[in-house]
Amino acid sequence: MTRGSPADPRGQRRGRTIRHAGLLVAGAVFVMWAVATLTFFAIRLIPGDPAQAILGGPGSQASQEALDQVRRDYGLDQPLIVQYLAMLGRLLTGDLGTSYALKVPVADLLGAQLGGTLLLALLSLVLAWILALGLSLWSTGRGRIATAVGEGIELTAAALPHFWLAAVLIAIFSSGLGWLPPVATGTAAGLVLPVVTLAVPLAGFLAQVMRESLLDAMQQPFVVSAQARGESTTGVRLRHTVRHAALPGISLSGWALGWLLSGAVVVETIFAMPGLGRTLLQAVTLRDIPVVTGVVLLISLVYVLMTVLTDVSSRIADPRLRQEANR
Amino acid sequence: MRAAPVTTRQNRRFGILAIGLVSMIALAGCQAAEPEASGDPVSGGTLTYASGDAEPTCLDPHVGGNYPQALIAGQFLESLVSRDASGEIIPWLADSWEVSSDGLVWDFTLRDDVTFTDGTPFDAEAVKVNVEHLQDPATQSSTGYLALGKVEQVEVVDDLEARFVLSTPDSALLESLSQPWTAIQSPAGIARGMEENCQAPVGTGPFIVDEWVKQDHISLVRNDDYSSPPADAEHDGPAYLEGIEWRFVPDSASRYAALQGGQVDVIDNPQPDTIAAAEQGDAFKWIDAPRPGASNRIELNSGQAPFDDERVREAFVRAVDVNDGIEALFFGTAERSYSALSSVEALAYSDESLFETDLDRANELLDEAGWTERDAEGYRVRDGARLTLRFPVSTNQSIPAEQSLFEQVQATAKDAGFEVVIELLDLSGWYGALFAHEYEIVSAPYTKVGPDVLRIVYHSDSITPAPSGYFANLSQLNDPAVDALLTEAAATSDPDARAELYEQAQQIILGGYYLLPLYDQQNSFLLSTKVQGARAISTVSTPSFYDAWLAG
């Protein structure tokens, strides 16, 4: 349609998209392999004998016969490299192994816990987004006081440690006012405090980056022209600048989800919720290698998927990225 | 071979029990709050229990055998015997027992008409199967396995008579059998295999495991056919509660908040400040049930320098001051101990004079032992080496108050020139440090019913590590006189002679400055006032909700 464009722009664009997707998949596989490898070797650096973990945990008074038996059964008497390759082989076939401590397949264990943690993380992400957008829209470009207040809130929120925030929220809303249960009850009310605990610090981070792009966007000529057309400030913000503010937020969301999943370790423990975070903590304490590997792989997979997803949604939100791919 | 006098003391005891103790609410040790029954018990309702202990990996306490397993197993499994508040062994699934004059044959007459909750009858064959299960290496039992180490086999004399044949006399047999780790399960349940039995063991208890949602809760439902309460229970027949929801709430602040908010009715492992706060009002009841066995103590590793020198051990004991710390950090909830044994053990021997703080004496002793110089930081030095004590601390076993107390030990020991290096470790790392003998001082709990725990913790046999590296004699006390006394005590059935032997052994152990006793192994429960009739069983101080009911 334009001069100088290739003969079949559509096909070429598709080719680029496929190449891009291929790179993403290769990257994802590489990341998963690296994570499995790192976890495998890292967990063997910390003290503790896996055979003992199998036989009732640290301090178990297992007999030599039992230890030998377990080492043979689990292949722990093999050289490390053989064990490593065996693990990779198992992982390739999708077999995550069996928990040393709980003696059930890791996949079943994680399957039962994944839902709760994902729900917690996604709800927190959504709430963080709402809080961050609200705060940055409210406080940007409304004078120095609003900016100072907004920045202050963001900085404080971003710096709040989960365990502290959880304790304060429990003290106020459970022990004090008695509005919300301090431990998860399987009801919506039980989810409120954990979600708020995870969302507030994240909202602080997100709002900081959103504010910058929002400020940037508001100085763009199209905002001035929109205002010249007589649009209200709120209208301009909602129709034109939010997209700009959202962009860095979107690309941060992949990172944010990983961050939320690690925050889940603390939050699930404090609020006594079942989930991946607690599973991970318990597995590390018990040196339950298959479970630790499984949880870490699963979280990495979620992380990788989110990165792909944010990459795609950034392209949707920002036409410039699509054009770049065309160039 | 076997003279068969039913121990008359036991018989009389049972008579008194049957008449007198039925109305008694037995709490282990010095109880802080006497639960008063207000009105008549009402049936119904589900009690919610929030546990701060680790979630068990297997609900069958034969497998492994730790305290979290004992806590919940006590709700659905029962033992052959129990122990009352005064420390006497009382009948439970066994009605009576008699021992041969050589102490090698014990005949247990079992309770009639008891059925496991899967319908299997409870009989001598079941007892035999359980002991074999505990002794089978494939079961991976550690606690129960050790407790029954002297049992060679169980013979089925008839349906209701089980004969334990021992390899050597064991005065601790009844105490061992009273523990939840040797509780009796349905043979049919065991036969299902470890994986299934771990999920829901089958017993004769007042409750039945209904469902276990990992990392969340275990649902227990009432056993409507229940018929085997221990001799010191308050009522007969099924429990009042319809069920128990057993939740896992690892964070202590959340646990207390949930109790305050009414989401849960009972919590365990409250922190000392929480107990103190709860005691101020009258919204909660506190059950203070110290665990049996050894007291919480700091063991001094006498197996290597510098504590292979008794003078240096005494200097450390004289230098550190823990009394103020215990008072301040535990808010009056823990009482200083001067014994190697828990105060719930009738045979515990205390000697306060051995542990009086005396800095001058400590300095004198260290000078005598050749630690005469001090370096720039004030620590003593001998031959260029600093007087350093490595102190691995398990963050799983030592509560924050105890960790703070250890910091005070560190500070007060410095005055005498000891450098205490505290290392906070998780359980695996902590055991790792012990296996490698990388410690001069260490604090390790040991729960066991009866004074025989002394043999496990201070007999030189326990210095030799098990194949897994585990060894219980952390002070590495190696004294043939102590070994002889403890071995003889374990084989002596005459109560007075046994008490005398244990006292002599404790005198040597305490007098050699191998340990610094701190307090009983703390074990507390906070209950909402609407929970009536709950108690801790005086074996390993686990809670019993058989007599419990919910008021209003």
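Residues numbered from 1 in each chain as written. Chains lettered and ligands numbered in written order. Predicted model: local features only at pLDDT ≥ 70, side-chain atom pairs only at ≥ 80, totals over all residues.

Draft legend 1. Fine view of the overall build of chain B. Within chain B one finds 17 helices and 25 strands. For chain B, whose C-alpha radius of gyration is 24 Å, the value lies close to the compact-globule estimate of 24 Å for 552 residues. A burial count over chain B gives 54% of its 552 residues as buried. When contacts within chain B are restricted to residue pairs at least 6 apart in sequence, long-range pairs at least 24 apart make up 72% of them. (Helix = DSSP H or I, 4+ residues; strand = E, 2+ residues; numbered from the N terminus. Rg over C-alpha atoms; globule rule 2.2 N^0.38 Å. Buried ≥ 20, exposed ≤ 12 C-beta atoms within 10 Å, placed from the backbone. Contact = placed C-beta atoms within 7 Å.)

Draft legend 2. Examining the interface of chain A and chain B more closely. Across the contact, 38 residues belong to chain A and 34 residues belong to chain B. For the side of chain A that touches chain B, a count of residues per class yields 18 nonpolar, 16 polar and four charged. (Nonpolar A, V, L, I, M, F, W, Y, C, P; charged D, E, K, R; others polar.)

Draft legend 3. Quick peek at the pairing of strand β5 (residues 105–110) of chain B. Residue and element names in this part refer to chain B. Pairing of strand β4 (residues 94–99) with β5 involves five bridges; the strand directions are antiparallel. Across the sheet, the residue bridging to Trp97 is Phe108, located in β5. What sits between the antiparallel neighbours β4 and β5 is a turn of five residues, in which Gly103 has the positive phi angle 75°. For β5 and strand β7 (residues 161–166), the ladder comprises five bridges, and the chain directions are antiparallel. Residue pairing across strands places Trp106 opposite Phe164, the latter belonging to β7. (Pairing = 2+ DSSP bridges.)

Draft legend 4. Layout of the sheet that holds strand β19 (residues 441–443) of chain B. Residue and element names in this part refer to chain B. Across the sheet, three strands lie side by side as β19-β13-β20; this open sheet has antiparallel pairing. The open sheet has two free edges, formed respectively by β19 and β20 (515–519), since each of these has just one partner strand. The mean inter-strand angle of the sheet, taken between neighbouring strand axes irrespective of direction, is 20°. As defined by bridge partners, strand β13 (residues 296–300) adjoins β19 across three bridges and the pair is classed as antiparallel. Bridge pairing in β19 places Leu300 opposite Ile441. (Axes fitted to C-alpha atoms, helices over the stretch in contact; angles between N-to-C directions.)

Draft legend 5. A look at the sheet that holds β5 of chain B. All names here are of chain B. Pairing within the open sheet is antiparallel, and its four strands lie in the order β4-β5-β7-β6. Lying at the two open borders of the sheet, with one neighbouring strand each, are β4 and β6 (151–158). Averaged over all pairs of adjacent strands, the angle between their axes in this sheet comes to 20°, without regard to strand direction. Along the sheet, helix α3 (residues 124–135) contacts β5, β6 and β7; its crossing angle with β6, the most-contacted strand, is approximately 165°.

Draft legend 6. A look at unusual backbone geometry. Residue and element names in this part refer to chain B. Between Ala305 and Pro306 the backbone carries a cis peptide bond, its omega angle lying at 0°. For Pro306, the position within the fold is in the loop between β13 and α10 (310–319). Positive phi values are uncommon outside glycine, yet Asn269 reaches one of about 50°.

Draft legend 7. Highlighting the environment of Leu109 of chain A. Residue and element names in this part refer to chain A. In this fold, Leu109 is placed in helix α5 (residues 106–139). Along the chain, Leu109 and Val195 lie 86 residues apart, while their C-alpha atoms are 23 Å from each other. Excluding residues within four positions of it along the chain, Leu109 makes contact with Ser99, Leu102, Val104, Thr279 and Val291.

Draft legend 8. View of α10 of chain B. Residues and elements named next belong to chain B. Counting buried residues along α10, eight of its ten residues qualify, which places the element largely inside the surrounding structure. Taken together, the buried positions of α10 are occupied by Val312, Arg313, Glu314, Ala315, Phe316, Val317, Arg318 and Ala319. Elements in contact with the buried residues of α10: β13, α12 (359–368), α13 (400–415) and β20.

Draft legend 9. Just the pairing of strand β21 (residues 524–528) of chain B, in detail. Residues and elements named next belong to chain B. Burial analysis of β21 places four of its five residues in the buried class, the great majority of the element. Pairing of strand β11 (residues 266–268) with β21 involves three bridges; the strand directions are antiparallel. Looking at β21, one finds that Asp268 is bridged to Phe525. Bridge analysis of strand β12 (residues 284–288) against β21 gives five bridges, and the strand direction is antiparallel. What sits directly across from Ile287, in β21, is Phe525.

Draft legend 10. Fine view of the packing of α5 of chain A against helix α6 (residues 144–159) of chain A. Residues and elements named next belong to chain A. Viewed as axis vectors pointing N to C, α5 and α6 meet at an angle of 155°, and their least axial separation amounts to 8 Å. By the angle between their directions, the pair α5 and α6 is classed as roughly antiparallel. In contact with Leu135, Ser136 and Ser139 of α5, α6 contributes Ala146, Thr147, Val149, Gly150, Ile153 and Glu154. Grouping the amino acids of the contact of α5 with α6 by side-chain chemistry returns four nonpolar, four polar and one charged. (Parallel < 35°, antiparallel > 145°, perpendicular 65-115°, else oblique.)

Draft legend 11. A look at the confidence of the model for chain A. The share of residues in chain A with pLDDT of 70 or more is 87%, and the mean pLDDT across the chain is 79. Here residues 1–6 of chain A is a poorly scored stretch, pLDDT under 50, and it has one contact once near neighbours within four places are set aside; other chains count. (pLDDT = per-residue confidence, 0-100.)

Draft legend 12. Seen up close, the environment of Ala315 of chain B. For Ala315 of chain B, the location among the structural elements is in helix α10. C-alpha separation for the pair Ala315 of chain B and Tyr513 of chain B, spaced 198 residues apart in sequence, amounts to 9.1 Å.

Draft legend 13. Representation of helix α8 (residues 188–218) of chain A in the model. Between the first and last C-alpha of α8 of chain A there are merely 39 Å, a value that for 31 residues lags more than 12% behind the 45 Å anticipated at 1.5 Å per step. At Ala199 of chain A, α8 of chain A shows its largest kink, close to 25°, and the proline Pro201 of chain A lies no more than four residues downstream. (Expected span 1.5 Å × (residues − 1). Bend = angle between axes of the 7 residues up to and from the residue.)

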